[in-house]
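Working through the structure, step by step
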Amino acid sequence: MSVAFPTADRPPAAVTGRSDARAIGRWLAVVAAMIFAMIVLGALTRLTESGLSMVEWKPVTGWLPPLSDAAWQAELAKYAQSPQGRLVNQGMTVAQFKEIFWLEYLHRLWGRLIGLAFALPMLWFFIRGRVPRWLKPRLVVLLLLGGLQGAVGWIMVASGLQDAPSVSHYRLALHLVLAISLYAYILWLAFGLLRPEAPSPLAGDRRVGRAAAAAVGFLFVVLTFGAFVAGLRAGQVHTTFPTMSGYWIPPGLLELEPAWLNFVATQTGTQFAHRWLAKILVVLCLALWVRARRVDATAPVRRATTMVALMALIQLGLGIGTILTGAELAIATVHQAGAVLLLSTLILTLRRAWPLQDALAGPARTG
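Residues numbered from 1 in each chain as written. Predicted model: local features only at pLDDT ≥ 70, side-chain atom pairs only at ≥ 80, totals over all residues. Heavy atoms only, no water.

Okay, the overall build of the protein chain next. When its secondary structure is counted, the protein chain shows 11 helices and 0 strands. Within the protein chain, contacts between residues at least 6 apart in sequence are counted, and of these 80% link residues at least 24 apart. Summed over all atoms, the accessible surface of the protein chain reaches about 17,300 Å², with 67% contributed by carbon and sulfur. (Helix = DSSP H or I, 4+ residues; strand = E, 2+ residues; numbered from the N terminus. Contact = heavy atoms within 4.5 Å. Areas by Shrake-Rupley, 256 points an atom, 1.4 Å probe, with all protein chains shown as cover.)

Mapped onto this numbering, the UniProt entry gives "binding site: heme" (unreviewed entry) at His-274 and His-335. What stands out for the annotated residues spanning 62 residues is how close their C-alpha atoms remain, the widest pair being 13.1 Å apart. Excluding its chain neighbours within four sequence positions, the residues that come into contact with His-274 are Val-222, Phe-225, Gly-226, Val-229 and His-335. Only 3.3 Å separates the side chain of His-274 from the backbone nitrogen of Gly-226, close enough to count as a polar contact. Checked against the element boundaries, His-335 lands in helix α11 (residues 329-353). (UniProt positions renumbered as here; feature names shortened; annotations may be inferred. Polar contact = N/O pair within 3.5 Å; in protein donor to acceptor, adjacent residues only side chain to side chain.)

Next up on the list: the pattern of salt bridges. A full pass over the atoms with the stated rule returns 5 salt bridges. The salt bridge involving Glu-56 is made with Lys-78; its shortest N-O contact spans 3.1 Å. Of this pair, Glu-56 sits in the loop between α1 (18-47) and α2 (69-80) while Lys-78 is found in helix α2, placing the two residues 22 residues apart along the sequence. What emerges from the salt-bridge pattern is a single network uniting Glu-56, Lys-58 and Lys-78. (Salt bridge = Lys/Arg side-chain N within 4 Å of Asp/Glu carboxyl O.)

Okay, the side chain of Ser-50 next. Among the secondary structure elements, Ser-50 is positioned in the loop between α1 and α2. Residue class for Ser-50 comes out buried when judged on its relative accessible area of 1%. (Buried < 20%, exposed > 50% of the residue type's maximum accessible area, 1.4 Å probe, protein only.)

It is worth spelling out the confidence of the model for the protein chain at this point. A residue-level look at the protein chain finds 90% of positions with pLDDT of 70 or above and a mean pLDDT of 88. In the predicted structure, residues 1-8 sits below a pLDDT of 50 and forms 7 contacts with residues beyond four places in sequence or in another chain. Counting contacts from residues 10-16, a segment whose pLDDT is below 50, to residues more than four positions away or on other chains yields 21 contacts. (pLDDT = per-residue confidence, 0-100.)

Time to look at the packing of α2 against helix α4 (residues 94-127). At a minimum axis distance of 10 Å, the contact between α2 and α4 shows a crossing angle of 75 degrees. As summarised for this structure, α2 and α4 are arranged roughly perpendicular, according to the angle between their axes. Contact residues: α2 offers Trp-72, Gln-73, Glu-75, Leu-76 and Tyr-79, while α4 offers Val-94, Phe-97, Lys-98, Ile-100, Phe-101 and Trp-102. A per-class count over the contact of α2 with α4 returns 8 nonpolar, 1 polar and 2 charged. (Axes fitted to C-alpha atoms, helices over the stretch in contact; angles between N-to-C directions. Parallel < 35°, antiparallel > 145°, perpendicular 65-115°, else oblique. Nonpolar A, V, L, I, M, F, W, Y, C, P; charged D, E, K, R; others polar.)

Next up on the list: the packing of aromatic side chains. Under the definition given, this model contains 17 aromatic pairs. Ring centres 6.4 Å apart and planes at 45 degrees place the aromatic pair Phe-36 and Tyr-183 in the tilted group. Of this pair, Phe-36 sits in helix α1 while Tyr-183 sits in helix α6 (residues 169-194), placing them 147 residues apart in sequence. Following the ring pairs from residue to residue traces out a cluster consisting of Trp-72, Tyr-79, Phe-97, Phe-101, Trp-102 and Tyr-105. Here Lys-136 stacks its cationic end above the ring of Phe-126, 6.0 Å away from the centre of that ring. Over the aromatic face of Trp-188 sits the side chain of Arg-351, whose NZ or CZ is 3.6 Å from the ring centroid. (Phe/Tyr/Trp six-rings, centres within 6.5 Å; stacked < 30°, edge-to-face > 60°. Lys NZ or Arg CZ within 6 Å of the ring centre and 35° of its normal.)

Quick look at unusual backbone geometry now. With an omega of 10 degrees, the peptide bond between Phe-241 and Pro-242 qualifies as cis. Tracing the chain through its elements places Pro-242 in the loop between α7 (203-231) and α8 (262-265). The amide bond that connects Glu-257 to the next residue, Pro-258, takes the cis arrangement and shows omega of -5 degrees. As for its position among the elements, Pro-258 is in the loop between α7 and α8.

As structure tokens, then:
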């Protein structure tokens, strides 16, 4: 029985020309790169516990930082009343406060710049009539989701301004997964628009594409548990590998009832789940590389799966390094960036297996 591969993102007969598609593709690639930088900056903000330094959300008027000594003192006074200011950083000086403030400020500022980098060129492409009909609703939805991401970020921060000096790890996971989802879909569109005349996929390519899609879905599960680990500071316990403090099944793993709650709400349980899910993901990525060769996929698809396999092994090494160092700042940040790079190689594999054809380019080449 044959299975048809997705056609949702194929343009209809009337679309813009090759130059318009590539111009839009380049713009989306820049936005994707900015989101990648945002994710890395977010990791730094979280790992340095700087995210709670700004206790107000001013999406319209919050472009400028404090510009005078009095303004800095006022900002510090607001922070001093927050749970983190009262319970963790009592007596913080203005100089010390600035060290955590600037990271959160840059994180929020960069988010605003991403919004402008998306909205203004999109408006220009719309006005010039250079956006194909099939792409217009997708861009509008992406713009709305980008605005929603800003609101989710504040909802996450607000959870750490109530009683405990830490944000909800569930809201942190939602914030991260939404950011990475936006990045993944924008990159998916950019790859297709930049290479619209890709060869028609062979049957082997389609099989690899389905396997890559499954790996992408599983990667999002791993990322979610990684966010749980980060939010609960679970990377600072059980800093040995391959065992957890000398145990394959660490003590206290199933101390909560019902049992599943341990894997989403405790340090030991979330780290245990993240470790084993990550190992399974590496196996899936290596199996994808093998599959591309067994089903006689085209050379571009095979090359993409090679990048997937290599990045999966690098990411495994970064994960082990993060464990052994107790989530040391630099390694943990690169580990999160590595997860996004692994996702990027999987998206590239998907796009090469399922090309986005430009109708004005003529029939797909078969060579």
